[in-house]
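Architecture and fold: a report
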Amino acid sequence: MLNTQRLIKPGPGARALYLGSRGHKRVSCTDEALVVTNERAQVMRYPVARVARVVSSADVVDWSGPALSLCMRAGIGITWLDARGQAVGSIYAQTRNTASLATVLELWSERADGVVCYQNWLRARRMDTLVRWREEHATSVTPQQWEATKREYVYAGQFTVHLPLTLRSLCLAYVAAQLNSHGLTPQLWGPRLESIDLDEDLSELLWAELNLGAGTLAEKADEAATATELFERWSARNASSLTLHLVHLHRTALKAMHT
């Protein structure tokens, strides 16, 4: 039985394996190698890590199912030739590649309506941030305060800053690290070279969430050490905030690309 948990794939320096028509051959395998047995019962082992592709005779080479499966899962294509050297068919590994977030965002932003769609997404994320804030402060947020805050933050991007600006820089550093881990650039470009500052926008979402939840007591956190400690505590409790924004952005961009 193949050990699917430890599948070896072709590495640097891998070469083509030619299984010609001179004499009958049978191809079986181990977990890490193709095993070729010729008509004289001589056995040759070809480690998967050294096989880039296989060219096989269709007439005198018999393949076992496990050997074919090993090649497919390792990404090794096989082409069969007839006695005249003509290709009769090939098989390739079935891949399920999906577009990365970086690729999807780049294509999305370059659409004619890309910048407008992005701004709509950003407004929707502000609204989501505000809804969560109201849910967490259901007993203290009055209807008048809700409407005023919604008007200022969701539509104008304005909110009351209670925290020292050092925390704003910590938000940006946190976002920068996360963007890098996802292979994302901090800036996107629209079809007319309009700049979309992804890092600044995501940082501002976190910065607003911090301030909305902090209240006036946070004004006492004006020392650098205190501010850093406050941010570390907040980011530990709210680690999913940025992830949710990125997941929603990916989903929104994918949906737009398929409409």
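Residues numbered from 1 in each chain as written. Predicted model: local features only at pLDDT ≥ 70, side-chain atom pairs only at ≥ 80, totals over all residues. Heavy atoms only, no water.

What to know about the pattern of salt bridges
Should their charged atoms come close, side chains of opposite charge can pair. Inspection of the entire model under this criterion finds 10 salt bridges. We note a salt bridge from Glu-147 to Lys-150, for which the minimum N-O separation is 3.6 Å. Of this pair, Glu-147 and Lys-150 both sit in helix α4 (residues 143-153), three residues apart, which is roughly one turn of the helix. Glu-147 sits in the partly exposed class, given a relative accessible area of 39%. Each of Arg-125, Asp-128, Arg-132 and Glu-209 takes part in a single network of salt bridges with overlapping partners. (Salt bridge = Lys/Arg side-chain N within 4 Å of Asp/Glu carboxyl O. Helix = DSSP H or I, 4+ residues; strand = E, 2+ residues; numbered from the N terminus. Buried < 20%, exposed > 50% of the residue type's maximum accessible area, 1.4 Å probe, protein only.)

As for the confidence of the model for the chain
Scored by pLDDT, the chain has a mean of 87; 91% of the residues are at 70 or more. Within the model, pLDDT remains below 50 along residues 1-5, and this stretch shows nine contacts once partners closer than five positions in the same chain are excluded. (pLDDT = per-residue confidence, 0-100. Contact = heavy atoms within 4.5 Å.)

Observations concerning the packing of helix α2 (residues 101-109) against helix α8 (residues 240-257)
Taken N-terminus to C-terminus, the directions of α2 and α8 make an angle of 55°; their axes are 9 Å apart at the nearest point. One element, α2, and the other, α8, form an angle in the oblique class. For α2 against α8, the interelement crossing comes out left-handed. In this structure, α2 contributes Leu-101, Val-104, Leu-105, Leu-107 and Trp-108 to the contact, and α8 contributes Leu-246, Leu-249, His-250, Thr-252, Ala-253, Leu-254, Ala-256 and Met-257. Broken down by class, the residue content of the contact of α2 with α8 amounts to 11 nonpolar, two polar and no charged. (Axes fitted to C-alpha atoms, helices over the stretch in contact; angles between N-to-C directions. Parallel < 35°, antiparallel > 145°, perpendicular 65-115°, else oblique. Left-handed = near helix turned anticlockwise from the far one by under 90°. Nonpolar A, V, L, I, M, F, W, Y, C, P; charged D, E, K, R; others polar.)

Thoughts on helix α1 (residues 65-74)
Each full turn of the α-helix corresponds to 3.6 residues, which orients residues three or four apart in the same direction. Burial in α1 covers these residues: Ala-67, Leu-70, Cys-71, Met-72 and Ala-74. For α1, the secondary structure elements touched by its buried residues are β2 (25-29), β3 (33-38), β6 (61-63), β7 (78-81) and β8 (87-91). Positive backbone phi, at 80°, marks Gly-75, one or two positions downstream of α1.

Quick word on the state of the cysteines
Enumeration over the complete set of coordinates arrives at zero disulfides. Left unpaired, Cys-71 is separated from the closest cysteine sulfur, that of Cys-29, by 8.1 Å. Here Cys-71 falls in the buried class, since its relative accessible area comes to 1%. (Disulfide = S-S within 2.5 Å.)

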